[in-house]
Amino acid sequence: MSPTAPANLTTPGGLLLVLAVLLPFVGVLLGLLFGGRHAQRVAWLTILVGIGIVFAMVQALLKSGASLVYLLGGWTPPLGVALRADGLSVCMMLVVAIVVGVVGVYANGDFGTPDGQREARGPLAFWLLLLAVWGSLNLIFVSGDIFTLYVALELLTFAGVPLVALDGRAETLQAALRYLLYALLGSMFYLLGCFLLYGAYGTLDMALLAARIGPHPIAWIAAALMTAGLLAKTALFPLHLWLPPAHAGAPAAASALLSALVIKGAWFLVVRLWVDVFPGIVSLPAAQLLAALGASAIIVGNVVALRQARLKLLIAYSTVAQIGYLFLMFPLVAALNAARLDSASAVTGGLLQAISHATAKAAMFMAAGLIYSTLGHDRVADLRGAGRALPMTMTAFALAGASLIGLPPSGGFLAKWLLLSAAIATAQWWWVLVMLVGGLLTSAYVFMVVVRAMAPAAPGWSPKKQVPGYQQAAVLGLALCSFLLGLAALLPVDIAQIGRTVVPLVGSP
Amino acid sequence: MSAPTLFGLCAAVLVGFGLYGLMVHPQPLRKVLSFNLIGNGVFLVCAVIARRGASAGFGGDPVPQALLITAIVVAFAASALAVALMLRQFDETGSSSLSPEVAPAPAKSPAKGEA
């Protein structure tokens with residue numbers, strides 16, 4: 001999304017953006033039409049084709065070295081609506097496709113309908129919502145227009161809320177309702193911000209908006225409203241109260257989707273707005289405030305996670321803390337921009353943090369689901385025997401935990417390294433302190449769980465249920481992705497920065 | 001006072017009522033109604049923007065009106081989803097409160113609903 005590039009032409013490979021958004025929704029409709037056990041087959045076909053589309057997009061991006069653009073109906077903005085995918089979008093789409101695929105493999109065990117078993121509503125809803133979440137996320141990543149983004153955010157909410165209440169218990173219904181109310185208030189704030197921006201600048205297109213926006217009070221109000229709304233949807237402290245019951249109450253596969261992917265949608269939008277649309281009007285104190293909320297989330301989330309008695313709630317509070325890390329990038333980017341330095345490393349650091357958290361947290365929630373099936377409970381104090389019964393799963397949990405802590409060569413390590421370097425380069429040592437303390441607290445609860453799970457089982461104990469090997473392998477595979485993500489530093493090109501300007505043109509007409 | 005200013009003030013009042021209702025009422029139905037009040041205020045802002053953006057020969061800027069229709073549909077769908085969740089919760093527990101400390105007594109036999 002560079003303001004200087006000729007952004008108003010459909011590029012080769014632009015059609016892939018449309019396909020990536022349309023395909024999951026076509027899958028939803030077909031699954032609804034065929035219903036029952038066919039929904040799972042439709043979902044699998046869609047997932048396989050969708051992953052192919054994303055790989056084709058990566059290839060097209062690497063080949064052209066510039067953003068992929070598609071103009072809907074051939075109309076150029078501001079009249080028409082453009083879809084754009086730069087390196088950031090394509091990286092996120094790749095990760096989402098991989099996580100959706102692995103969650104799909106895992107869900108074959110929990111939500112499969114083998115021949116001879118009665119068809120139920122739960123599995124049908126799960127497979128359709130899985131595709132709906134994927135389609136809405138893809139729309140968020142490629143949309144170049146703030147109102148289309150509003151619609152995409154709402155689609156994501158409508159797909160995420162029923163996932164919370166998939167088992168229909170009263171507590172989860174209540175958690176889903178609370179989540180929905182937070183999300184709706186957030187989207188109204190976002191919408192009001194959109195309308196104000198349109199009223200002031202007469203366009204909804206991000207690239208045009210970035211060129212026209214200036215330091216006017218109305219732009220500040222719109223930016224504050226949109227950011228506040230998105231923070232409620234991302235569950236940044238202190239708007240995180242809905243998250244733990246919602247993410248911990250959902251079935252494991254749904255928790256993995258919600259915690260790994262759904263919250264990243266609103267976060268990605270904050271990054272888009274602050275880095276690409278508002279760089280000219282965002283002041284350093286505002287960015288510091290955002291990161292201060294993130295720092296509070298890291299400390300509060302980690303401390304509360306340490307005190308949880310149930311494994312799924314522990315992981316949910318760990319998500320609250322990890323969301324905090326995602327917001328530490330903003331003052332670093334703002335300070336680097338203000339010093340006229342290259343802010344690309346801070347942006348890439350934030351992106352890597354999102355990717356490593358997405359893969360690690362999905363693996364952790366699915367591991368918790370397997371532990372629950374095997375032990376029949378998920379009380380942290382009584383996990384003994386889990387390591388003996390589920391060696392692959394506990395390895396996966398430990399690897400994912402290592403990525404959250406930031407041990408090399410994990411993705412979390414590389415992300416924190418980039419953020420730490422940016423913090424030191426801009427003389428903001430306090431964020432370094434927060435990151436180190438957060439890592440220490442994270443390691444405390446990861447080790448607590450792993451050490452207890454490694455204790456030998458009580459004599460005469462036997463697993464409640466044998467979990468299939470492919471579920472364990474899927475979880476381990478995803479955890480390995482997260483753990484080995486740090487090797488991305490060895491890649492010859494920084495894919496995330498393709499199609500982005502090196503230094504945003506602050507204040508230029 | 002010009003019409004856009006008057007309607008803009010009305011919008012601000014609606015959003016204010018809605019926010020107040022959302023904060024003070026514990027019942028989810030009232031919260032959903034408050035959300036709709038906020039929504040109407042925001043939509044009115046959009047309509048005012050359309051009127052202010054009117055160029056020669058037009059009664060209003062058509063783009064905000066298109067946005068408005070979409071946003072109303074989305075808000076309607078959101079309210080429907082919230083009401084559906086509330087009804088289901090009422091079926092399960094006999095209450096639709098959001099506060100966990102009010103222990104809901106199971107009104108009906110809990111062995112229903114397989115989803």
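Residues numbered from 1 in each chain as written. Chains lettered and ligands numbered in written order. Predicted model: local features only at pLDDT ≥ 70, side-chain atom pairs only at ≥ 80, totals over all residues.

**Things to note about the overall build of chain B**
For chain B, the count of helices and strands is 3 helices and 0 strands. Burial status across chain B gives 30% buried among its 115 residues. Taking the intrachain contacts of chain B between residues at least 6 apart in sequence as the baseline, contacts between residues at least 24 apart amount to 47%. (Helix = DSSP H or I, 4+ residues; strand = E, 2+ residues; numbered from the N terminus. Buried ≥ 20, exposed ≤ 12 C-beta atoms within 10 Å, placed from the backbone. Contact = placed C-beta atoms within 7 Å.)

**Some thoughts on the overall build of chain A**
A count of helical and extended segments in chain A gives 19 helices and 2 strands. Against the globule reference of 23 Å for 509 residues, chain A gives a C-alpha radius of gyration of 22 Å, in line with a compact fold. Across its three principal axes, chain A shows a C-alpha extent of roughly 75 × 55 × 45 Å. Put simply, chain A has 509 residues, and 63% of those count as buried. Expressed as a percentage of contacts within chain A between residues at least 6 apart in sequence, the contacts between residues at least 24 apart total 81%. (Rg over C-alpha atoms; globule rule 2.2 N^0.38 Å.)

**Details of the confidence of the model for chain B**
In the predicted model, chain B carries a mean pLDDT of 81, and 82% of its residues have values of at least 70. Of the two predicted TM-score estimates for the complex, the pTM is 0.89 and the ipTM is 0.85. (pLDDT = per-residue confidence, 0-100.)

**Section: the interface of chain B and chain A**
Contact with chain B, which involves 31 residues of that partner, is made by 27 residues of chain A. Each residue belonging to the side of chain B that touches chain A can be placed in one class, and the counts come to 21 nonpolar, 5 polar and 5 charged. (Nonpolar A, V, L, I, M, F, W, Y, C, P; charged D, E, K, R; others polar.)

**Quick notes on the confidence of the model for chain A**
Residues and elements named next belong to chain A. Residue-level pLDDT values for chain A average 86, and 96% of them are 70 or greater. Here helix H15 (residues 386–389) stands out as the least confident element of chain A, with mean pLDDT 83; helix H5 (residues 146–164) is the most confident, with 93. pLDDT under 50 marks residues 1–6. Its contacts with residues more than four places away, or in other chains, come to 17 contacts. Within the model, pLDDT remains below 50 along residues 502–509, and this stretch shows 11 contacts once partners closer than five positions in the same chain are excluded.

**Digging into the packing of helix H8 (residues 217–234) of chain A against helix H10 (residues 252–277) of chain A**
Residue and element names in this part refer to chain A. The contact between H8 and H10 brings their axes to 8 Å, and the two run at 155°. Between H8 and H10, the crossing angle belongs to the class labelled roughly antiparallel. As for how H8 packs across H10, the hand of that crossing is left-handed. Two secondary-structure elements touch here, H8 through Met226, Thr227, Leu230, Lys233 and Thr234 and H10 through Ile263, Ala266, Trp267, Leu269, Val270 and Leu273. Here the residues of the contact of H8 with H10 are counted per class, giving 8 nonpolar, 2 polar and 1 charged. (Axes fitted to C-alpha atoms, helices over the stretch in contact; angles between N-to-C directions. Parallel < 35°, antiparallel > 145°, perpendicular 65-115°, else oblique. Left-handed = near helix turned anticlockwise from the far one by under 90°.)

**Describing unusual backbone geometry**
All names here are of chain A. The residue after Phe237, namely Pro238, is reached through a cis peptide bond having omega 0°. If you trace the backbone, Pro238 turns up in the loop between H8 and helix H9 (243–249). The omega torsion across Pro408 and Pro409 is 0°, close enough to zero to call that bond cis. Within the secondary structure, Pro409 is located in the loop between helix H16 (391–405) and helix H17 (411–425). A positive phi is found at Ala235, a non-glycine position, where the angle reads about 70°. When the 30 C-beta atoms within 10 Å are taken as the criterion, Ala235 is described as buried. With phi around 55°, Ala427 is a residue other than glycine that occupies positive phi space. If you trace the backbone, Ala427 turns up in the loop between H17 and helix H18 (429–454).

**Thoughts on the environment of Leu23(A)**
All names here are of chain A. Relative to the helices and strands, Leu23 resides in helix H1 (residues 15–34). Once the C-alpha coordinates of Leu23 and Trp134 are considered, the two residues, 111 residues apart in sequence, prove to be 9.7 Å apart. If near-sequence neighbours (up to four positions away) are discounted, Leu23 is found in contact with Thr46, Val49, Gly50 and Ile53.

**Brief notes about the packing of helix H14 (residues 344–375) of chain A against H17(A)**
Residue and element names in this part refer to chain A. H17 packs onto H14 with a crossing angle of 155° between their chain directions and a minimal axis gap of 8 Å. One element, H14, and the other, H17, form an angle in the roughly antiparallel class. In the packing of H14 onto H17, the handedness of the crossing is left-handed. Along the contact surface, H14 presents Ser345, Ala346, Thr348, Gly349, Leu352, Gln353, Ile355 and Ser356, while H17 presents Gly411, Gly412, Leu414, Ala415, Leu418, Leu419, Ser421 and Ala422. Across the contact of H14 with H17, the residue classes break down as 8 nonpolar, 8 polar and no charged.

**With respect to the environment of Ala297(A)**
Residue and element names in this part refer to chain A. As for its placement among the helices and strands, Ala297 is situated in helix H11 (residues 284–306). In this structure Ala297 comes out as buried when scored by C-beta crowding, with 28 C-beta atoms within 10 Å. Spatially, the C-alpha atom of Ala297 lies 9.7 Å from that of Gly438, the residues being 141 residues apart in sequence. With residues up to four places along the chain from it excluded, the contact list for Ala297 reads Leu236, Phe237, His240, Val320, Ala321, Ile323 and Gly324.

**A word on the environment of Ala488(A)**
Among the secondary structure elements, Ala488(A) is positioned in the segment after helix H19 (469–484). Once the C-alpha coordinates of Ala488(A) and Leu166(A) are considered, the two residues, 322 residues apart in sequence, prove to be 36 Å apart.

**Quick look at the pairing of strand S2 (residues 82–85) of chain A**
Residues and elements named next belong to chain A. Going residue by residue along S2, you find Ala82 and Arg84 tucked away on one face and Leu83 and Ala85 tucked away on the opposite face as well. Sheet topology note: the strand S1 (residues 68–71)/S2 ladder contains 4 bridges and is antiparallel. Each residue of the ladder has a partner; that of Leu68, found in S2, is Ala85. (Pairing = 2+ DSSP bridges.)

**Considerations on H18(A)**
Residues and elements named next belong to chain A. Between its first and last C-alpha atoms H18 spans 38 Å; for 26 residues at 1.5 Å apiece the expected length is 38 Å, and the two agree. Residues Trp431, Val434, Met435, Gly438, Gly439, Leu441, Thr442, Tyr445, Val446, Val449 and Ala453 constitute the buried set of H18. Buried positions along H18 lie against H11, helix H12 (311–326), H15, H16 and H17. (Expected span 1.5 Å × (residues − 1).)

**Side note on H10(A)**
All names here are of chain A. An ideal rise of 1.5 Å per residue puts 38 Å on 26 residues; H10 measures up with 36 Å between its terminal C-alpha atoms. Of all the bends in H10, the greatest measures close to 35° and is centred on Gly265. Burial within H10 is extensive, with 26 of its 26 residues counted as buried. (Bend = angle between axes of the 7 residues up to and from the residue.)

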